[in-house]
Amino acid sequence: QVQLVESGGGLVQAGGSLRLSCAASGRTFSSYAMGWFRQAPGKEREFVAAINWSGGTTYYSDSVKGRFTISRDNAKNTVYLQMNSLKPEDTAVYYCAAGQPGDWGIDGNEYDYWGQGTQVTVSS
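Just so it is clear, the model here is predicted, and its values are computed rather than measured.

Draft legend 1. Expanded view of the side chain of Arg 38. Looking at the secondary structure, you find Arg 38 in strand β4 (residues 33-39). Judged by relative accessible area, Arg 38 falls into the buried class, the value being 6%. Among the polar contacts listed, one links the side chain of Arg 38 to the side chain of Asp 90, at a separation of 2.9 Å.

Have a look at this one:
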């Protein structure tokens, strides 16, 4: 059983920054691609960013490109999401996911394991 635990969420002012962490346990972390998704109240789950098993390839949604950075430290079994220049529309519960997608990892159905989520709230 693979478990993912997100942390680092909180309340920030617009223009501020947060760094989310996702710690993995249970299986070999380095064998999985990792993704970040978010879900705002009343909205569907939205892809945010993905990173392949080696960390050499990343992909971002247009809404966060240039502001967010996904990275991973396989030695620590952890994936990160650095969020800069935060906007109120970034407010959501953020989830990390692990899997072996065959493409960019945009589709959440391609992931096998999910964390419980961490709340990010950006005030104007």
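From this point, the narrative continues.
Draft legend 2. Structural view of the pairing of strand β9 (residues 92-99). A large share of β9 lies buried, amounting to six of its eight residues. As judged from the seven bridges shared by β4 and β9, these two strands associate in the antiparallel manner. For Gln 39, the partnering residue across the bridge sits in β9 and is Val 93. As paired elements, β9 and strand β11 (residues 118-123) share three bridges and run antiparallel to each other. Residue pairing for β11: Tyr 94 is matched across the bridge by Thr 118.

Draft legend 3. Fine view of the pattern of salt bridges. Inspection of the entire model under this criterion finds four salt bridges. Where Glu 46 meets Arg 38, a salt bridge forms, and the shortest distance between an N and an O atom there is 3.0 Å. A salt bridge links Arg 38 to Asp 90; its shortest N-O distance comes to 2.9 Å. With a gap of 52 residues between them, Arg 38 in strand β4 and Asp 90 in the loop between β8 (78-83) and β9 connect regions that are remote in the sequence. It is possible to trace a salt-bridge network through shared partners that takes in Arg 38, Glu 46, Arg 67 and Asp 90.

The rules behind these values
- Residues numbered from 1 in each chain as written.
- Predicted model: local features only at pLDDT ≥ 70, side-chain atom pairs only at ≥ 80, totals over all residues.
- Heavy atoms only, no water.
- Helix = DSSP H or I, 4+ residues; strand = E, 2+ residues; numbered from the N terminus.
- Buried < 20%, exposed > 50% of the residue type's maximum accessible area, 1.4 Å probe, protein only.
- Polar contact = N/O pair within 3.5 Å; in protein donor to acceptor, adjacent residues only side chain to side chain.
- Pairing = 2+ DSSP bridges.
- Salt bridge = Lys/Arg side-chain N within 4 Å of Asp/Glu carboxyl O.

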